[in-house]
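Structural features, examined
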Amino acid sequence: MASRSSASDLGARETEDVEGGMTTYRVVSIPGDGVGPEVIDAARRVLDAAGRRFDFTIEWTEVLAGGAAIDAYGVAIRDEDVEACRAADAVLLGAVGGPKWDDPSASVRPEQALFALRGGLGLFANLRPVKVHPALIDSSPLRRELLDGVDLLIVRELTGGVYFGERQEAGAEPGDRHALDTVPYSEAEIRRVVSLAMGLALTRRKRLTSVDKANVLATSRLWRTVVKELAWRAPDVEVSHQLVDSCAMLLVKRPASFDVIVTENMFGDILSDEASVLAGSLGLLPSASLGERQTEHGTFGMYEPIHGSAPHLAGQDRANPIGTVLSAAMMMFSSFRRTDVSQAIEAAVSQAIDEGWRTADLADPTDPDDGLVVVGTTGMATAVIEALEAAVPA
């Protein structure tokens, strides 16, 4: 069990050095709103500590997006800041939004920054891994026996579907109002995200579940047709099809039966949030949004925790930074091909949890004698850094 000093008080190399110097990775950080700046700062601290141990440096550039950008510039993100992200090797993003900007009828809204980044950077697939840490099983609302062996990956298509389709807003006069949202998908959009998911399944347990609503929606029938065509080309992957409503039920009834799930934009948005409760807290889970573009180091991507801006926690050093730290580990793996660094960060997070370090979302306030050490955002990052430094001496 962890000591009550240190973090609680303080709050295989794959890239060679270039011409005898350290490798430098260019990363844009977008703190965002609410707790975003705090969890981004925690992840940056962990990455900088990893750089000292693994002989790399990160050249950080910071830009505004979301509510912070609306206040500063009148837009959710400036075009020049999207360009700055495009010029980098990767992007580390905090959450955006909050009560100050939550009018859904406003012409400028924080979430517009996400659409601009995904579209402008060519990010078509969102990857959300969900694992249940053994020490945190009791934090999940599901029974312990349902969580044994849960290790799944949801691949969500990001640039098509109802979020990007044509829409017609309802009129102002009550009594006969109508609104319209369309759900466009092309074969090419479906093919590229399903092909990515199949490739990921080959690196895991070789099972792919394609989720749709083919009994109702024309776009889902196209989706299922394309998946079946691709399945013939990947005989080593066991491909199955699941309607979205039954998938939602099975995620809580037998979640360990899933390996890789691939689905369209809105279904993926909903199912990935549902799956997040399996781990015990939204604050634990990372995500990566990837495209096709390759940099000199790896696949360009944007990395962020799955949680929102949690404005009620902002500025209080209470947010759980683990999801953001693990997002940074995903960045090291996919965008920089540094499996050694990614694994070291993940191991350090696991060690900190095993030693009893917890943020408030993972602690039981009714059991003060549980032996856990409850820390804030800063303290949890420090616990991870100390575990990393102990495992990888300078």
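Every chain begins its residue count from 1, and numbering advances along the sequence as written. In view of the model being predicted, local features appear only for residues whose pLDDT reaches at least 70, and side-chain atom pairs are presented and counted only at 80 or more, with totals across whole chains, interfaces and linings using the full set of residues. Each side-chain value is derived from all of the structure's non-hydrogen atoms; neither hydrogens nor water enter the calculation.

1. Focus on helix α8 (residues 244-253)
Under the scheme applied here, a residue whose accessible area is under 20% of the maximum for its type counts as buried, over 50% as exposed, and between as partly exposed, the area being computed with a 1.4 Å probe on protein chains only. Strands here are runs of E lasting at least two residues and helices are runs of H or I lasting at least four, both read from the DSSP assignment and numbered beginning at the N terminus. If you check which residues of α8 are buried, you get V244, C247, L250 and L251. With its buried residues spanning 115° around the axis, α8 presents them on a single face. On its buried face, α8 is in contact with β5 (151-157), β8 (207-212), β9 (238-243), β10 (260-263) and α9 (265-276). Working definition: the arc comes from the directions between the helix axis and the C-beta atoms, pointing outward to the latter. By definition, residues are in contact when any of their heavy atoms lie within 4.5 Å.

2. Points about the packing of helix α1 (residues 36-54) against helix α11 (residues 339-354)
Following both chains from N to C, one finds α1 and α11 inclined at 125°, their axes separated by 11 Å at the closest point. Overall, the two elements α1 and α11 adopt an arrangement that is oblique. Of the two elements, α1 crosses α11, and the hand of that crossing is right-handed. The residues of α11 that touch α1, namely those facing V46, L47, A50 and F54, are D340, V341, A344 and I345. Three classes are used, and their members are as follows: Ala, Val, Leu, Ile, Met, Phe, Trp, Tyr, Cys and Pro are nonpolar, Asp, Glu, Lys and Arg are charged, and the others, Gly among them, are polar. Tallied by class, residues from the contact of α1 with α11 come to seven nonpolar, no polar and one charged. Note on definitions: angles span 0 to 180 degrees between N-to-C directions of axes, and those axes are lines fitted to C-alpha atoms, for helices only across the stretch in contact. Note on terminology: angles under 35 degrees are roughly parallel, angles over 145 are roughly antiparallel, angles of 65 to 115 are roughly perpendicular, and the others are oblique. The crossing is said to be left-handed when, going from far helix to near helix, the turn is anticlockwise and less than a right angle, and right-handed when the turn is clockwise.

3. A few points about the pattern of salt bridges
Basic side-chain nitrogens of Lys or Arg form a salt bridge, by our definition, when they fall within 4 Å of a carboxyl oxygen of Asp or Glu. What the rule picks out here adds up to 20 salt bridges. The salt bridge partner of R78 is E80, with a shortest N-O separation of 3.4 Å. Residue E80 is classed as partly exposed on the basis of its relative accessible area of 47%. Salt-bridge contacts for E187 lead to R191; the nearest nitrogen and oxygen are separated by 2.5 Å. With E187 and R191 both in helix α6 (residues 187-202), this residue pair falls four residues apart, about one helical turn. A residue is classified by how much of its surface remains accessible, and R191, at 22% relative accessible area, is partly exposed. Residues joined in a network through salt bridges with shared partners are D151, R204, R205 and D259.

4. Here's the deal with the nonpolar core
As used in this record, nonpolar core signifies buried Ala, Val, Leu, Ile, Met, Phe, Trp, Tyr and Cys residues forming a set joined through side-chain atoms within 4.5 Å. Formed by 91 residues in total, the largest nonpolar core has its most connected members in L47, V155, V194, L278 and I345. If you tally residues by element for this core, the top one is helix α10 (residues 322-334), at eight residues. Not counting the four nearest positions on each side in its chain, I345 is found in contact with V46, L47, A50, V325, A329, M332 and L388. Counting residues in hydrophobic clusters, the runner-up holds 19 residues, among them I30, C85, V96 and F300.

5. Considerations on the packing of aromatic side chains
Pairing of aromatic rings covers Phe, Tyr and the six-membered ring of Trp, with a centre-to-centre limit of 6.5 Å; geometry is then stacked below 30 degrees between planes, edge-to-face above 60, and tilted otherwise. Under the defined criterion, the tally for this structure stands at four aromatic pairs. Aromatic pair Y25 and F56: ring centres 5.5 Å apart, planes at 55°, arrangement tilted. With a gap of 31 residues between them, Y25 in strand β1 (residues 23-30) and F56 in strand β2 (residues 56-62) connect regions that are remote in the sequence. Measuring from ring centre to ring centre gives 5.8 Å for Y185 and W223, while their planes differ by 80°; the resulting arrangement is edge-to-face. One end of the pair, Y185, is in the loop between β7 (180-181) and α6; the other, W223, is in helix α7 (residues 218-231), with 38 residues separating them in the sequence. In this structure Y185 comes out as buried when scored by relative accessible area, which is 11%. W223 gets classed as buried once you look at its relative accessible area, which sits at 2%. Members of the aromatic cluster, connected to one another through ring pairs, are Y25, F56 and F336. One cation-aromatic arrangement involves R78 over Y73; the distance from NZ or CZ to the ring centre is 3.9 Å. Look at NZ for Lys and CZ for Arg. If either is within 6 Å of the ring centre and within 35 degrees of the ring normal, a charge sits over the ring. Between R293 and the ring centre of F300, over which it is positioned, the NZ or CZ distance is 4.3 Å.

Bear in mind that shape data such as this cannot, by itself, settle questions of function.
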